[in-house]
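A closer look at the structure
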Amino acid sequence: MSITVTQLRKFKEQGRKFAALTAYDASFARLMDEAGIEVLLVGDSLGMVVQGQESTVPVTMDHMVYHTQLVRRGAAHALVMADMPFLSYATPEQALRNAGRLMQEGGAQMVKLECTSDDVAIVRHLTRHGVPVCVHLGLLPQTVYKLGGYKVQGRGEEAADAMVRDAQAFEQAGADVLLLESIPRSLGATITRSLGIPVIGIGAGPECDGQVLVAYDMLGITPGKRPKFSKDFLAAAGSVPAALAAYAAAVKDGSFPAPEHCFE
Ligand code: KIV
């Protein structure tokens, strides 16, 4: 039986940290599963790290369904979460149709949407129809051409207060999990404390209930400069299974992320 949404909630109540990683195929999914990674995110980052695109924008529903099928075949225990790609959830009806594809054709057990405060009705529509939802706040990579780059979000009192309010509104709308990307550590801690649902962070500090990284970053595969919030676990571990196990252990004992991986 896979990890469930209820178990993730229990982990939060017990103060037990959990680990997530992006996965795009069955072989990596199996290794991650065996390393004790609780959540596998079929991220639309596959557009960049697998397809070699400039951003996540070109990723389509068909790509996401295909990679979700591959990951689901390799995952015996981990919960499989799939990203809804750019412009696949512009209305509640379109979101439900496409979330249905990810779950029914792909085998996803949860879908993730990059959200702003305008998307509460979309999340409510999905959760009312029994779709488990992870709401992604903070840096939203699908909006990179509007943002003009991958920049830390939620800095300053006004932006931070707005993100806390958004997080609470999405919890009220039925979101099962929140994911926070590239925000100050203190804001990650405040949002995590203020919600009953589990919060997964990537560049959001160690106080989040769980952590996620792009697998190719933490295995040292991604070319160029690694994001500040990531760490190459392969360099010291020496093999892929050992790197995955080291990451899982570091998240669970709270030693990752360290202060140098956090934004102030
Ligand atoms: O697509 C992805 O890899 C993601 C992570 C950055 C969380 O959404």
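Residues numbered from 1 in each chain as written. Predicted model: local features only at pLDDT ≥ 70, side-chain atom pairs only at ≥ 80, totals over all residues. Heavy atoms only, no water.

Some remarks on the pairing of strand 7 (residues 199-202)
The condition is simple: Accessible area is worked out with a 1.4 Å probe on protein chains only. A residue is then buried under 20% of its type maximum, exposed over 50%, and partly exposed in between. A helix here means a DSSP run of H or I that spans at least four residues, while a strand means a run of E at least two residues long, and both kinds are numbered starting from the N terminus. Here, a strand pair is defined by DSSP locating no fewer than two bridges between the strands. By definition, the crossover connecting two strands over a helix is right-handed if that path, from the first strand to the second, turns clockwise as seen with the strands pointing away from the viewer.
Residues of strand 7 alternate between two faces, with V199 and G201 on one and I200 and I202 on the opposite face, all of them buried. In terms of strand pairing, strand 6 (residues 177-181) meets strand 7 through four bridges, oriented parallel. For L179, the partnering residue across the bridge sits in strand 7 and is I200. Taking the sense of rotation as the criterion, the β-α-β connection linking strand 6, helix 9 (residues 185-194) and strand 7 turns out right-handed. Pairing geometry for strand 7 and strand 8 (residues 210-213), over two bridges, is parallel. The partner of I200 across the bridge, within strand 8, is G210.

Describing unusual backbone geometry
For the peptide bond that leads from F256 to P257, omega is 0°, which places it in the cis range. With respect to the helices and strands, P257 occurs in the segment after helix 12 (240-252). Positive phi values are uncommon outside glycine, yet L87 reaches one of about 60°. Looking at the secondary structure, you find L87 in the loop between strand 3 (79-83) and helix 5 (92-104). Overall, L87 belongs to the exposed group, its relative accessible area being 58%.

A short note on the environment of A23
Formally: Contacts between residues were defined by any pair of non-hydrogen atoms, one from each residue, lying within 4.5 Å.
Following the sequence through the fold, A23 ends up in the loop between strand 1 (18-22) and helix 2 (26-34). Taking C-alpha positions, A23 is 9.1 Å from Y216, a pair spaced 193 residues apart along the chain. Residues contacting A23, with those up to four places away along its chain left out, are M32, L40, L41, V42, G43 and V71.

That's the geometry; what it means functionally is another story.
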